[in-house]
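As a plain string of letters, each chain reads:
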Amino acid sequence: TVLCTALPVLVCFTYGSAAAYKADTSMPRSHIASIQLVVFMLGFLGALTGIGGGVVLSPFFLMLGLSVQRTVATSVVCVIFISASSALQYIITNRVRMALALILGCVNAVGSCAGAILMYKMAGAWARSSFIMAIISFAVICSFAITLEKLIVMML
């Protein structure tokens, strides 16, 4: 089991480091190494808790100096892999209502397309780091409020 986990992680870190070394990029290699570490930890925590990585990745990428458009795009692609690995785990253990998941997945795809189109159109003045951070903060606060409300209902 350890070999099944350690080998892909080692291959991914090695490939990422080699690609960063060969790439002609303005991003320092130390940033790339820190991104690899954060994404690894998010995958690990996501598998344990089901927490999505986008809430952490977007602010992290903005702090590293990526543009808002590149931050959103990179975060979405990273979250695809984090979510897919966690989802596969839950599907294998038969914890997913597939009919509901497919319906919600289709609705999510439409929302994602609408969000991508809106982000493309807002690429000018509105697509600043502060605006994106406000959206992320609003989403986290709403998620916290919903979870707190469910917890209170369960305790009563």
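Residues numbered from 1 in each chain as written. Predicted model: local features only at pLDDT ≥ 70, side-chain atom pairs only at ≥ 80, totals over all residues. Heavy atoms only, no water.

A. Molecular detail of the overall build of the protein chain. Counting its secondary structure elements, the protein chain contains six helices and zero strands. In the protein chain, the succession of helices and strands from N to C terminus is α-α-α-α-α-α. Within the span of the protein chain, comprising 156 residues, buried residues form 18% of the whole. For the protein chain, the proportion of contacts with a sequence separation of at least 24, taken over those separated by at least 6, is 54%. A total of about 11,500 Å² of accessible surface is found on the protein chain, and carbon and sulfur atoms cover 75% of it. (Helix = DSSP H or I, 4+ residues; strand = E, 2+ residues; numbered from the N terminus. Buried < 20%, exposed > 50% of the residue type's maximum accessible area, 1.4 Å probe, protein only. Contact = heavy atoms within 4.5 Å. Areas by Shrake-Rupley, 256 points an atom, 1.4 Å probe, with all protein chains shown as cover.)

B. Geometry of the nonpolar core. In terms of nonpolar packing, the biggest core is built from 10 residues, these being Ile35, Leu42, Leu57, Phe60, Phe61, Leu64, Leu66, Cys78, Val79 and Ile82. When residues of this core are traced back to their parent elements, those giving at least two are α2 (29-49), α3 (54-63) and α4 (68-92). (Core = buried A, V, L, I, M, F, W, Y, C linked by side-chain atoms within 4.5 Å.)

C. View of α3. Taken together, the buried positions of α3 are Leu57, Ser58, Pro59, Phe60, Phe61 and Leu62. In the segment just after α3, Gly65 is the residue with positive phi, at about 100°.

D. Local environment of the confidence of the model for the protein chain. Averaged over every residue, the pLDDT of the protein chain is 75; the share at 70 or more is 74%. Between the elements of the protein chain, mean pLDDT differs from a low of 64, seen in helix α1 (residues 2-22), to a high of 84, seen in helix α5 (residues 98-121). (pLDDT = per-residue confidence, 0-100.)

E. Fine view of the packing of α3 against α4. In contact at an axis separation of 9 Å, α3 and α4 are set at 145° when each is read in the N-to-C sense. The handedness of the crossing between α3 and α4 comes out as right-handed. Contact residues: α3 offers Gly54, Leu57, Ser58, Phe61 and Leu62, while α4 offers Val68, Thr71, Thr74, Ser75, Cys78, Val79 and Ile82. Here the residues of the contact of α3 with α4 are counted per class, giving seven nonpolar, five polar and no charged. (Axes fitted to C-alpha atoms, helices over the stretch in contact; angles between N-to-C directions. Left-handed = near helix turned anticlockwise from the far one by under 90°. Nonpolar A, V, L, I, M, F, W, Y, C, P; charged D, E, K, R; others polar.)

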